[in-house]
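The chain contents come next:
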Amino acid sequence: MAISDQDVEKQIRHMMAFIEQEAKEKAEEIDAKAEEEFNIEKGRLVQNEKLKVMGFYEKKEKALDLQKKIQRSNLLNQSRLRVLKSRDDHVKGLLEETRRRLADITTSPRYDKFLEDCVTQGLCQLLEPAVVVRCRRQDADRVKKVLTKAQAEYGRITKGKTCTVTVDSAFLPADVSGGIELYSKDGKIKVANTLDSRLEMVSSQMLPQVRTALFGRNPNRRFDD
């Protein structure tokens, strides 16, 4: 049976409609996939930028925190230094006041005995057959007066040793508080027995105890000086 032109036309329209529907569905599928991929890529980019921003501000926060810690540490160090300087100034003031009061010893009757003991001690340290004693100009007569007793005590301590002692024609500086210096005859050995040298020695030895008495024990110090 022959197909009419009308049937052929109908089949052609049907096939074209099918093809158009297939193309439309395929296009919609492509659009949907493209939309999905776009959203995924957009989400990835947004997340990356969000992480970058968060990382940037995290670094800023850490840098600010570090700066605050450094500033706090600097302020604490400056405060400690001011406290230490204030304490040092106070200790120096006490030592200076003590040095000024040493002059009172030279005007007391005890000073002659002190000079005698200084000479005896110096002789025992030097153990030389001849020694030169240097003193302040105003102490020269008092030193000469105690030499005999000092030499006798030296002989007793050393079980019979003798020593010729002379007072130097040169004198100690005017700013020395008192006491004497002893030299071997050739001047190569010296024993300082002035009030100032004794104060310096005692203050050096007792400085930790003085600091503790004035300011209390330092909790951060494991050992005393």
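See above for the structure.
These lines cover the structure that appears in this document, whether it is placed above or below. Predicted, not measured: the structure shown is a model, and the values here were computed from it.

1. Considerations on the side chain of Asp 196
Take Asp 196: it is sitting in helix α4 (residues 195-215). For Asp 196, a relative accessible area of 16% puts it in the buried group. Only 2.7 Å separates the side chain of Asp 196 from the backbone nitrogen of Ser 177, close enough to count as a polar contact.

2. Here's the deal with the pairing of strand β4 (residues 190-194)
Bridging between strand β3 (residues 179-184) and β4 involves 5 bridges; their strand directions are antiparallel. Bridging from a neighbouring strand, Gly 179 pairs with Thr 194 of β4. Between β3 and β4, which follow one another and run antiparallel, lie 5 residues, and Gly 187 among them has a positive phi close to 75°.

3. So, the packing of aromatic side chains
A complete count under the given rule lists 2 aromatic pairs for this structure. Judged by centre distance (5.2 Å) and plane angle (85°), the rings of Phe 56 and Tyr 57 are edge-to-face. On the basis of an interplanar angle of 20° and a centroid distance of 6.1 Å, the ring pair of Tyr 111 and Phe 114 is categorised as stacked. Placement of the pair is Tyr 111 and Phe 114 together in helix α2 (residues 110-126), with a separation of 3 residues, close to one helical turn. In this structure Phe 114 comes out as buried when scored by relative accessible area, which is 18%.

4. Some remarks on the sheet that holds β3
Read across the sheet, 4 strands follow the order β2-β1-β3-β4 without closing on themselves; strand pairing throughout is mixed. Edge positions in the open sheet fall to β2 (164-167) and β4, since each of these has one partner strand only. Adjacent strand axes in the sheet meet at a mean angle of 20° when their direction is disregarded. The pairing of strand β1 (residues 130-135) with β3 spans 5 bridges and is antiparallel. Of the residues in β3, the one forming a bridge with Val 132 is Tyr 183. In the packing of α2 onto the sheet, contacts are made with β1, β2, β3 and β4, and the angle to β3 comes to roughly 20°. Against the sheet, helix α3 (residues 140-157) engages β1, β2 and β3, with an angle of about 175° to β2.

5. So, the packing of α2 against α3
The interhelical angle for the contact between α2 and α3, taken along N-to-C directions, is 45°, at an axis separation of 8 Å. The orientation of α2 with respect to α3, classified from their angle, is oblique. Crossing of α2 over α3 shows right-handed handedness. Facing α2, whose interface residues are Tyr 111, Asp 112, Leu 115, Glu 116, Val 119, Thr 120, Leu 123 and Cys 124, α3 presents Arg 142, Val 143, Lys 145, Val 146, Leu 147, Lys 149, Ala 150, Gln 151, Glu 153, Tyr 154 and Ile 157. The class makeup of the residues in the contact of α2 with α3 is 11 nonpolar, 2 polar and 6 charged.

Quick notes on the rules
Residues numbered from 1 in each chain as written. Predicted model: local features only at pLDDT ≥ 70, side-chain atom pairs only at ≥ 80, totals over all residues. Heavy atoms only, no water. Helix = DSSP H or I, 4+ residues; strand = E, 2+ residues; numbered from the N terminus. Buried < 20%, exposed > 50% of the residue type's maximum accessible area, 1.4 Å probe, protein only. Polar contact = N/O pair within 3.5 Å; in protein donor to acceptor, adjacent residues only side chain to side chain. Pairing = 2+ DSSP bridges. Phe/Tyr/Trp six-rings, centres within 6.5 Å; stacked < 30°, edge-to-face > 60°. Axes fitted to C-alpha atoms, helices over the stretch in contact; angles between N-to-C directions. Contact = heavy atoms within 4.5 Å. Parallel < 35°, antiparallel > 145°, perpendicular 65-115°, else oblique. Left-handed = near helix turned anticlockwise from the far one by under 90°. Nonpolar A, V, L, I, M, F, W, Y, C, P; charged D, E, K, R; others polar.

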